[in-house]
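Here's the letter readout for the chains.
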Protein chains: 2
Amino acid sequence: MKSAKPYIEENKQRFIDELIDLLKIPSISADSAYNEDVKNAAQVVKEQLEKAGCDSVEICETPGHPIVYGEKMIDPKLPTILVYGHYDVQPPDPLDLWNSPPFDPIIKKTELHPEGAIFARGSCDDKGQMYMHVKAMEYMTKTNQLPCNVKFMIEGEEEVGSVNLANFVKNNHAKLKNDVILISDTGMIAKDVPSITTGLRGLSYVEVEVTGPNRDLHSGLYGGAVANPINIISKMIASLHDENNHISIPGFYDKVEVLTEAERAEMAKAPFNLEAYQKSIGINSVSGEKGYTTNERNSIRPTLDVNGIWGGYTGEGAKTVIPSQAFAKISMRLVPHQDWEEITQLFKKHFESIAPAGVTVKVRPHHGGQGYVTPIDGIGYQAASKAYFDSFGKTPIPQRGGGSIPIVSLFEQELQSKTILMGFGFDSDAIHSPNEHFGLWNYFKGIETIPLFYKYFTELSK
Amino acid sequence: MKSAKPYIEENKQRFIDELIDLLKIPSISADSAYNEDVKNAAQVVKEQLEKAGCDSVEICETPGHPIVYGEKMIDPKLPTILVYGHYDVQPPDPLDLWNSPPFDPIIKKTELHPEGAIFARGSCDDKGQMYMHVKAMEYMTKTNQLPCNVKFMIEGEEEVGSVNLANFVKNNHAKLKNDVILISDTGMIAKDVPSITTGLRGLSYVEVEVTGPNRDLHSGLYGGAVANPINIISKMIASLHDENNHISIPGFYDKVEVLTEAERAEMAKAPFNLEAYQKSIGINSVSGEKGYTTNERNSIRPTLDVNGIWGGYTGEGAKTVIPSQAFAKISMRLVPHQDWEEITQLFKKHFESIAPAGVTVKVRPHHGGQGYVTPIDGIGYQAASKAYFDSFGKTPIPQRGGGSIPIVSLFEQELQSKTILMGFGFDSDAIHSPNEHFGLWNYFKGIETIPLFYKYFTELSK
């Protein structure tokens, strides 16, 4: 396979323009107000897959947002790669922290991205990374170098837990049959430190509701005499961690995968600059579970974070009220062997059990997924490693990621194939945050590396 | 003085219609979006005071919302009563809990109000109670029975701390000179248990801000490794009360007025039905400071309540984010001898001192006021007691109130006169809450009782 570099060079501007067109669509899956935009994004993905050389592309409706499926089968005897990605994005708020509108993409240079980066919601997670695969496909078909069969499954519900994708996969084993699954929805350490994600954390996302009085009360007339749902929810949340920042839910750690000292020593070799890390997010001190490093805390250890809290009067000025209710959205990142449904139940049981007299508590399980680990001795990882070596000139470092792609463990269970996580973003790309961006260098590097994976995976499959 | 009953009977419908017109104006002082409505409400109050017989009425501009001042001086040798009230109202949210629009008043019968009650924001607090005084004035002037001089000072910033009224009072000692101040902005125990509020709690209202990372972070990439402002603010709020629900701010209780066992025994005589109390607000258990009854907890003891909390993603669906900031509005009800500015400083110092590494904390003092106690042996209280006896056929019970009218202690300090708190609402009228209402029986009872106070106060002043 010839290097894609010249082809990328020739088509650079078009590759950028096409991605920007896709990024202009506010395909926010969590907010039903954007259902039409989500549909439109699916339509654009379908058309681009057809242009890129897929033989048959269809929009598969679901009870929620549609899944775009496309394929090009050149020879049943050749291996089949299934590319997974998503065209939906996270909500952009808080909007006032964006330096440019989230759905009005602009290219700006940054310290880490001297060649420029595209600033827009979804630029990195995952429209930009997903679209690298569409352009890599275009390169291989237009230059008659596609070495194997390929299938694309691009969904619109990843940011809300892939609720309907799970059923789609369960009901389409034959259609989705493949030899390896390829995903770019993670990151790499640095331009000169290529890395491949070999592990993902699982997730359990719940919403809790604490109800006290049947109506908002005047804090002068009732203050001090009735349980205040906000004070109570604060106490309950505070009690979920002990003084060592261990999570205090009974049974929470029972099945946590314990790494050997050797494995932890191996991890510790990955370059990490605490000062730069703290500077990049503007904090003067890291904090977390006692006895673990920052890299361990956000990869091999489970966590519990409140992602949102609200209750009472939050408008301008003052209102002296004891609210009837207080709410919080809480997510737990899980590690291999922790079952997300079991953890969700443990949380529910515990949180309900610590509700004091005077309030009632509801826990609504939201969504979740299992953690995942990629074996580095399989041909999938080997092919990826060779591809990176060719395009980066360096052997990539295997790295555990802290994020979750709930669907990955389901793929293995349903389709009996392993997933290779070739991510080209940086942690500093601010995914899920204001001013999300994706470097042009990273975008083109991905398009250059992906065909090489096709080449080596086909060779190693012989 | 003849009973006002016949006059009220003749003018019933007009008295109701006039109040409803005033209630239709959304004069929300806390939200600048309603500045025009606040102005309009002041204009209506001015016109009604003129119609009620005041000789000169003026709208006094302030840096904030205007104060309506009116007076009728009949004889410098006669005593002067200063009536204080406010035409501004609390924000109506949460709107979805109102059974009818807050500024579209309707009359409905309830268990406690078989004669019907007006449902609207401000119906009880304080437009309805303030307007009783305007109609009582009308009765006395139209029937040539006004026994003394009267001054009205109706402000538009009570719900935001009377920031500008304080200066107005300081700068107008001569204009506001009076022998007693009369306010209806509190409640009474029950129709058959008339009571007069003899104490008010002070208030300190602050807003706190906890800042962690300089931007919202992906909870997968950073979860467990950096301090989450929501988890932190929850821990900090939880730590403000100990296991006995004592407030843990150093020095907070140092100056708290301690009641004698005899005084507490006297208080305990006021009728109180715990079951009915819990039923009325839909809770299965009261809770509060150990060692005190419910009536003590919400009147003679200081409290700390979170009135609002917000941070992170609070929209539909899920967002796995570690927010950059979390916020809370916190108010403390204070008792006699606690200085609100001193308490505000104690809170600030303490809250900032408990901020853990990894976050910065800001405390913004909002507003506040001192507590107040009315002597029951003064002629003001005696006149009120006689007035209630005539209109209710019963001697009223002196009662400590849990609410705050920050301006009252300032009146005493600046104008050297005592305040009589003749409130005609019920605790169950849901002031500051959805479905606030004011009974027609209470409205007319107030109009009937007020002139009797004028009569007895003038007599006792001789």
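First, a word on scope: everything that follows refers to the structure included in this document. A quick note: this is a predicted structure, and the numbers were derived from the prediction, not measured.

Here's the deal with the nonpolar core
Residue and element names in this part refer to chain A. Core analysis: the largest hydrophobic core is formed by 74 residues, its most contacted members being Ile-81, Tyr-87, Met-422, Tyr-443, Phe-453 and Tyr-454. With ten residues, the top contributor of residues to this core is helix α14 (residues 440–461). Ignoring sequence-local partners within four residues, the contact set of Ile-81 consists of Cys-148, Asn-149, Val-150, Lys-151, Val-180, Leu-182, Phe-453, Tyr-454 and Phe-457.

Here's the deal with the packing of aromatic side chains
Geometrically, a pair of aromatic rings is defined through the distance of the ring centres and the angle of the planes. Counted according to the given criterion, the structure contains 30 aromatic pairs over all chains. On the numbers, 6.2 Å between centres and 50° between planes, the contact of Tyr-7 of chain B with Phe-15 of chain B is tilted. When its relative accessible area of 0% is taken as the criterion, Phe-15 of chain B is described as buried. Judged by centre distance (5.6 Å) and plane angle (20°), the rings of Phe-453 of chain B and Phe-457 of chain B are stacked. Of the two residues, Phe-453 of chain B and Phe-457 of chain B are both situated in helix α14 (residues 440–461); the distance of four residues between them amounts to about one turn of the helix. For the pair Phe-453 of chain B and Phe-457 of chain B, one class covers both residues: buried. Among the aromatic residues, those joined into a ring-pair cluster are Tyr-388, Phe-392, Phe-424 and Trp-441 of chain A. Over the ring of Phe-392 of chain A we find Lys-445 of chain A, and its NZ or CZ is 5.3 Å from the ring centre.

Observations concerning the interface of chain B and chain A
Taken together, the contact between chain B and chain A spans 88 residues of the former and 88 residues of the latter. Summing both sides of the interface, chain B and chain A together bury roughly 7,400 Å²; the carbon and sulfur share of this comes to 50%. Between chain B and chain A we count zero salt bridges in total. Where chain B touches chain A, the interface holds 50 residue pairs in polar contact (both at pLDDT 80 or more). Residue composition of the side of chain B that touches chain A, by class: 32 nonpolar, 39 polar and 17 charged.

Here we look at the sheet that holds strand β9 (residues 202–211) of chain A
Through backbone hydrogen bonds, the strands of a sheet pair up, either in parallel or in antiparallel fashion. Spatial ordering of the open sheet is given by β14(A)-β9(A)-β13(A)-β11(A)-β11(B)-β13(B)-β9(B)-β14(B), a layout of eight strands whose pairing is antiparallel. The open sheet has two edge strands, β14 (360–369) of chain A together with β14 (360–369) of chain B, and neither has a second partner. Taking each pair of neighbouring strands and ignoring which way they run, the sheet shows an average axis angle of 20°. Its contacts with the sheet place helix α11 (residues 340–353) of chain B against β9 (202–211), β11 (303–312), β13 (325–334) and β14 of chain B, and it is angled at close to 165° to β14 of chain B.

A word on the pattern of salt bridges
Scanning all chains against the criterion turns up 46 salt bridges over all chains. Between Lys-191 of chain A and Glu-115 of chain A there is a salt bridge whose closest N-O contact spans 2.9 Å. With a gap of 76 residues between them, Lys-191 of chain A in the loop between β7 (180–183) and β8 (195–200) and Glu-115 of chain A in the loop between β4 (106–108) and β5 (117–119) connect regions that are remote in the sequence. With a closest N to O distance of 2.9 Å, Glu-50 of chain B and Lys-46 of chain B form a salt bridge. Of this pair, Glu-50 of chain B and Lys-46 of chain B both sit in helix α2 (residues 35–51), separated by four residues, roughly a single helical turn. By relative accessible area, which is 35% here, Glu-50 of chain B ends up partly exposed. What emerges from the salt-bridge pattern is a single network uniting Arg-14, Glu-18, Lys-135 and Glu-138 of chain A.

Quick notes on the packing of helix α1 (residues 5–23) of chain B against helix α3 (residues 127–142) of chain B
Residue and element names in this part refer to chain B. Close contact between α1 and α3 brings their axes to 11 Å; oriented N to C, the two are set at 140°. When the axis of α1 is compared with that of α3, the two are oblique. In the packing of α1 onto α3, the handedness of the crossing is right-handed. Across the interface between the two elements, Tyr-7, Arg-14, Phe-15, Glu-18, Leu-19, Leu-22 and Leu-23 of α1 pack against Lys-127, Gly-128, Met-130, Tyr-131, Lys-135, Glu-138, Tyr-139 and Lys-142 of α3.

Here we look at unusual backbone geometry
Residues and elements named next belong to chain A. Residue Asp-93 is joined to Pro-94 through a cis peptide bond whose omega torsion reads 0°. Here Pro-94 shows up in the loop between β3 (80–86) and β4. At His-337, a position not held by glycine, the phi torsion is positive, near 85°. Relative to the helices and strands, His-337 is located in the loop between β13 (325–334) and α11 (340–353). Residue His-337 is classed as exposed on the basis of its relative accessible area of 58%. Not every positive phi belongs to a glycine, and Ala-430 is a case in point at roughly 60°. Tracing the sequence through the fold places Ala-430 in the loop between β17 (419–421) and β18 (437–439). Ala-430 gets classed as buried once you look at its relative accessible area, which sits at 4%.

Calculation notes
- Residues numbered from 1 in each chain as written.
- Chains lettered and ligands numbered in written order.
- Predicted model: local features only at pLDDT ≥ 70, side-chain atom pairs only at ≥ 80, totals over all residues.
- Heavy atoms only, no water.
- Core = buried A, V, L, I, M, F, W, Y, C linked by side-chain atoms within 4.5 Å.
- Buried < 20%, exposed > 50% of the residue type's maximum accessible area, 1.4 Å probe, protein only.
- Helix = DSSP H or I, 4+ residues; strand = E, 2+ residues; numbered from the N terminus.
- Contact = heavy atoms within 4.5 Å.
- Phe/Tyr/Trp six-rings, centres within 6.5 Å; stacked < 30°, edge-to-face > 60°.
- Lys NZ or Arg CZ within 6 Å of the ring centre and 35° of its normal.
- Buried area = accessible area lost by both parts, 1.4 Å probe.
- Salt bridge = Lys/Arg side-chain N within 4 Å of Asp/Glu carboxyl O.
- Polar contact = N/O pair within 3.5 Å; in protein donor to acceptor, adjacent residues only side chain to side chain.
- Nonpolar A, V, L, I, M, F, W, Y, C, P; charged D, E, K, R; others polar.
- Pairing = 2+ DSSP bridges.
- Axes fitted to C-alpha atoms, helices over the stretch in contact; angles between N-to-C directions.
- Parallel < 35°, antiparallel > 145°, perpendicular 65-115°, else oblique.
- Left-handed = near helix turned anticlockwise from the far one by under 90°.

None of this, on its own, says anything about what the molecule does.
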